[in-house]
There are 2 protein chains.
Amino acid sequence: MTEEEFLAAYDPSAFPPVAVTVDVVVLTIRDEQLNVLLVRRGEAPYEGRWALPGGFVRPDEDLAAGAQRELAEETGVGARLRRVHLEQLASYGAPRRDPRMRVVSVAYLAFVPDLPEPAAGTDARESAWVPVAGLGLPDAAGAPGRPVRQRPGATRGLAFDHAQILADGLERARSKLEYTPLATRFVGEEFTIAELRRVYETVWDDSLHAGNFHRKVLSVPGFMESTGVTTDRGGSRGGPRSRLYRAGDARLLHPALLRPSREDSIR
Amino acid sequence: MTEEEFLAAYDPSAFPPVAVTVDVVVLTIRDEQLNVLLVRRGEAPYEGRWALPGGFVRPDEDLAAGAQRELAEETGVGARLRRVHLEQLASYGAPRRDPRMRVVSVAYLAFVPDLPEPAAGTDARESAWVPVAGLGLPDAAGAPGRPVRQRPGATRGLAFDHAQILADGLERARSKLEYTPLATRFVGEEFTIAELRRVYETVWDDSLHAGNFHRKVLSVPGFMESTGVTTDRGGSRGGPRSRLYRAGDARLLHPALLRPSREDSIR
DNA sequence: AAAATAGTGTCTCTCAGACAATATGTC
DNA sequence: GACATATTGTCTGAGAGACACTATTTT
């Protein structure tokens, strides 16, 4: 039996009708704040509400390719620019999460550097970077590991279950900074240790000891790679010029940088 | 516009036809070996080949509920028995992973204790516990973090991309033992520290120092909870009787038990 | 000059891992 | 008795975090 015969013989009504979409949690740091890319919905349901960028998976398109496409459409950044990180987050398929029909959404998580343009969407949709702090999500201090279920109705702002997806993405992001060098994806090609520290402080919503952080990141093999150069000027409010680094070739940090927040017992 | 009007107005042909399935990687330890639950396929494609248990998500069924149902159907274990762990693993949606049509599979990962019955499926399908070691998957020693893509054709045994799903599930399992107390889900309600150590040794495919492991697990707050009791007899080949413990209430291990394998640089 | 910041030094405490030792079982 | 194993003790080195200090640069 050839594939064609299979396709012809297969009864499409034999499986429940489901649509599959890809939604992307795109994070960046703007103005010392963690921001997420949102688009305003132009039609019902949730008309006028903010939502994660996303859409139907196209035929012959891999899930990751769909996420890459959505990311590129909204940010103008080809995700192939290797400075962008894109990973699968999780899938969401509660029966009535979309009132129109059964929709299973495969969510992705992206880290992008601060983009000069304020997200010029190619289509007509209004899109914007929105500070996550203003969205009424559970605190960053929420004990990691404890699943933070979003009460329905909480975080009134976002469409569908996107508040939950965003919350899951944020927790994943916080966790990823611990044991991967992906914090470097939030800054430019060359960066100072202080810039990197501010990434950690912003995502973790916690302050870190500058001296210890400095020694720590330099001691992790493969994390930082020295350029011979320093910045042209010192800090805007004083201080010496700092050395510039590039991301090293490590894929995992060992030993990891653990969040200080963890208030000891994590039950 | 009401929800009803939407449902009526919505054109089902406007979205690409996709089926959504749930596949479950069910792991257990039998006879000192890590085993996965497999079912033999009765129809094409991949007729006669082993596959992960799974099936279409039913209407009105949440993804997790579908995974729970598949798990219960194949093992007879109601996943509500809180000793079973079930978590979402990842989704797989390469365009031609199923030759019949576009199928997106949401994979789940389950840890179950050694089940007395050898997996009596409720339906006609043949099912069995299969040691993962015999499946020709990449080594446990494979550097974590480095994505191990399965070459097509490798691991000839499993249907579809299930070899890849299984490999991802195994890596997730190894990682989970590091920072969660989920190793306890592989043993009985009450267990000795040596039993727990054998779980780690089996999943990590590495040997651990008995004395250090002993002190370590007892020092992690919330990991172990003492019953006042000891085993009736010593080990089968000698040795004193050992104390019995129950799982504590910790959700995360802090500090974590790190795999010894990590050959230093993880690039 | 005053203030801010980069980078380094030092000390303490925790913890992982290498042994070693002892007690208690089984064969 | 020979041997295996549970449990505890001890020591060493790595590493995290607190604190202090110096040099450099901006306002």
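Everything here concerns the structure above.
As the structure is a prediction and not an experimental result, all values here were calculated from the model.

Student: What's the story with the overall build of chain A in this structure? I'm lost.
Tutor: Looking only at helices and strands, chain A features 5 helices and 9 strands. Buried residues in chain A amount to 51% of all 267 residues. For chain A, the accessible surface area stands at approximately 12,800 Å², while carbon and sulfur atoms represent 50% of it.

Student: Sorry, what's going on with the packing of aromatic side chains here?
Tutor: Each aromatic ring pair is summarised here by two numbers: the centre-to-centre distance and the angle between the ring planes. As enumerated under the stated definition, the model contains 8 aromatic pairs over all chains in all. Put simply, the rings of Tyr200(A), Trp204(A) and Phe213(A) pair up and form one aromatic cluster.

Student: When you look at the protein's contact with DNA strand C in this model, what are you seeing that I'm missing?
Tutor: Near DNA strand C, the surroundings consist of 26 residues, among which His214(A), Pro240(A), Arg243(A), Asn212(B) and Lys216(B) are the closest. Close to the protein, within 4 Å, the atoms of DNA strand C belong to sugar or phosphate groups at a rate of 67%. Here a base nitrogen of DNA strand C and a backbone polar atom of Gly239(A) are 3.1 Å apart. Within the backbone of Ser236(B), one N or O atom sits 3.1 Å away from a sugar or linking oxygen of DNA strand C. Here the residues of the surface near DNA strand C sort into 5 nonpolar, 12 polar and 9 charged.

Student: Just checking my understanding: could you explain the pattern of salt bridges for this structure?
Tutor: Oppositely charged side chains are able to pair whenever their charged atoms sit close together. All names here are of chain B. Counted under the stated rule, the structure contains 36 salt bridges over all chains. When the shortest N-O distance is used, the salt bridge between Arg 172 and Glu 87 registers 2.6 Å. With Arg 172 in helix H3 (residues 162-179) and Glu 87 in strand E5 (residues 85-92), this pair connects stretches of sequence that are 85 residues apart. A salt bridge links Glu 87 to Lys 176, with the shortest nitrogen-to-oxygen separation between them at 3.2 Å. Residue Glu 87 is found in strand E5, and its partner Lys 176 is found in helix H3; the two are separated by 89 residues along the sequence. Looking at Glu 87, the relative accessible area reads 10%, which means it is buried. Residue Lys 176 is classed as buried on the basis of its relative accessible area, which comes to 16%.

Student: When you look at the pairing of strand E2 (residues 33-40) of chain A in this model, what are you seeing that I'm missing?
Tutor: Two faces belong to every sheet, and in a regular strand the side chains alternate between them. All names here are of chain A. Burial runs high along E2: 6 of the 8 residues are buried. Across 4 bridges, strand E1 (residues 19-30) lies against E2 in antiparallel orientation. The residue of E2 that forms the bridge with Arg 30 is Gln 33. Hairpin geometry of E1 and E2 is characterised by an intervening segment of 2 residues between the two adjacent antiparallel strands and by a positive phi of about 60° at Asp 31. When E2 meets strand E3 (residues 50-51), the two strands line up antiparallel, connected through 2 bridges. Note on E3: the bridge partner recorded for Arg 40 is Trp 50.

Student: I tried to follow the environment of Leu182(A) on my own but got confused; where do I start?
Tutor: Residue and element names in this part refer to chain A. Mapped onto the elements, Leu 182 comes out in the loop between helix H3 (162-179) and helix H4 (193-204). You can call Leu 182 buried: its relative accessible area is 9%. Here the alpha-carbon distance between Leu 182 and Ala 250, two residues 68 residues apart in the chain, equals 10.0 Å. With residues up to four places along the chain from it excluded, the contact list for Leu 182 reads His 85, Glu 87, Phe 111, Lys 176 and Leu 177.

Student: How do you make sense of the protein's contact with DNA strand D when you look at a structure like this?
Tutor: If you check the shell around DNA strand D, you find 26 residues, and the closest are Asn212(A), Lys216(A), His214(B), Pro240(B) and Arg243(B). A breakdown of the atoms of DNA strand D within 4 Å of the protein gives sugar and phosphate a share of 67%. The separation between a phosphate oxygen of DNA strand D and a polar side-chain atom of His214(B) is 3.5 Å. One nitrogen or oxygen atom from the side chain of Arg215(B) is found 3.3 Å from a base nitrogen belonging to DNA strand D. Of all the secondary structure elements, the ones that give two or more residues to the surface near DNA strand D are helix H5 (210-219) of chain A together with helix H4 (193-204) and helix H5 (210-219) of chain B. Classifying every residue of the surface near DNA strand D gives 5 nonpolar, 12 polar and 9 charged.

Cut-off values and rules
Residues numbered from 1 in each chain as written. Chains lettered and ligands numbered in written order. Predicted model: local features only at pLDDT ≥ 70, side-chain atom pairs only at ≥ 80, totals over all residues. Heavy atoms only, no water. Helix = DSSP H or I, 4+ residues; strand = E, 2+ residues; numbered from the N terminus. Buried < 20%, exposed > 50% of the residue type's maximum accessible area, 1.4 Å probe, protein only. Areas by Shrake-Rupley, 256 points an atom, 1.4 Å probe, with all protein chains shown as cover. Phe/Tyr/Trp six-rings, centres within 6.5 Å; stacked < 30°, edge-to-face > 60°. Near = heavy atom within 4 Å. Polar contact = N/O pair within 3.5 Å; in protein donor to acceptor, adjacent residues only side chain to side chain. Nonpolar A, V, L, I, M, F, W, Y, C, P; charged D, E, K, R; others polar. Salt bridge = Lys/Arg side-chain N within 4 Å of Asp/Glu carboxyl O. Pairing = 2+ DSSP bridges. Contact = heavy atoms within 4.5 Å.

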